[in-house]
Amino acid sequence: FKGHAQEVLAAIRKHEDGSISHAARAIFACMAEEPEEALAELNQALRKRDPFALMIGTCPAYDCARSDPRFQDLLRKINWPGLEK
């Protein structure tokens, strides 16, 4: 599965026309086990106010990055309930 996700992610990287949301790119990055890229894409999603970025707190597709302290920072940025400020 990881190999297929890596192929899809490589194809997505070629399309910088904005047709694929950064939140979706982050999901494929997680499936390809690329948490650094997933976090970068999630940051972009929040900057561009991608509505799908609001799901990061509950969507299991982002689990590859969830243990990273930067992920918790992203949750704070969207005022995710239950987090210390």
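First things first, this report covers the structure right here in the doc. (Residues numbered from 1 in each chain as written. Predicted model: local features only at pLDDT ≥ 70, side-chain atom pairs only at ≥ 80, totals over all residues. Heavy atoms only, no water.)

1. Description of the overall build of the chain
Defined as follows: Where helices and strands are cited, they refer to DSSP runs of H or I of at least four residues and of E of at least two residues respectively, numbered from the N terminus. We compute the radius of gyration from the C-alpha atoms alone; for a globule the expected value is 2.2 Å times N to the 0.38, where N is the number of residues. The buried label goes to any residue with under 20% of its type's maximum accessible area, the exposed label to any with over 50%, and the partly exposed label to all in between, with areas taken from a 1.4 Å probe on protein chains only. Contact criterion: two residues are considered in contact whenever any of their non-hydrogen atoms come within 4.5 Å of each other. A 1.4 Å probe and the Shrake-Rupley method give the accessible areas. Residues count as covered only by the protein chains that appear here.
Helix and strand content of the chain: 4 helices and 0 strands. Counted from the first residue to the last, the chain has its helices and strands arranged as α-α-α-α. Radius of gyration (C-alpha) of the chain: 12 Å, near the 12 Å computed for a compact globule of 85 residues. When each of the 85 residues of the chain is scored for burial, the buried share is 32%. Nonlocal contacts in the chain, meaning residues at least 24 apart in sequence, comprise 48% of its contacts between residues at least 6 apart. By element, 56% of the accessible surface of the chain is carried by carbon and sulfur atoms, the whole surface being about 5,400 Å².

2. Focus on the state of the cysteines
Let me state the cut-off plainly: The definition used for a disulfide is geometric: two cysteine sulfur atoms within 2.5 Å.
For the coordinates displayed, the defined rule picks out 1 disulfide. What pairs with C30 in a disulfide is C64, and their sulfur atoms sit 2.3 Å apart. Handedness of the C30-C64 disulfide follows from its S-S torsion of about -70 degrees: it is left-handed. In this pair, C30 is assigned in helix α2 (residues 22-31) and C64 in the loop between α3 (35-47) and α4 (69-77), connecting sequence segments 34 residues apart. When its relative accessible area of 6% is taken as the criterion, C30 is described as buried. For the unlinked cysteine C59, the closest cysteine sulfur is that of C30, found at 8.9 Å. Residue class for C59 comes out buried when judged on its relative accessible area of 15%.

3. Overview of the nonpolar core
Note that soluble globular proteins tend to have their nonpolar side chains buried in a common cluster. Put simply, the rule is: As used here, the term nonpolar core means buried Ala, Val, Leu, Ile, Met, Phe, Trp, Tyr and Cys residues forming a set that is joined through side-chain atoms within 4.5 Å.
Ranked by size, the top nonpolar core spans 20 residues in total, and within it L42, I56, Y62 and F71 carry the most contacts. Broken down by secondary-structure element, the contributors of at least two residues to this core are α1 (2-13), α2, α3 and α4. Those residues within four positions of I56 in sequence are excluded, and the remaining contacts are L42, Y62, R66, F71, L74, L75 and I78.

4. What to know about the environment of C59
When you line up the elements, C59 lands in the loop between α3 and α4. C-alpha of C59 to C-alpha of I27: the two residues are 32 residues apart in sequence and 9.4 Å apart in space.

5. Remarks on unusual backbone geometry
For E33, which is not glycine, the phi torsion reads 60 degrees and is therefore positive. Note that E33 resides in the loop between α2 and α3. One non-glycine residue with positive phi stands out, namely R49, at about 55 degrees. Residue position: R49 is located in the loop between α3 and α4.

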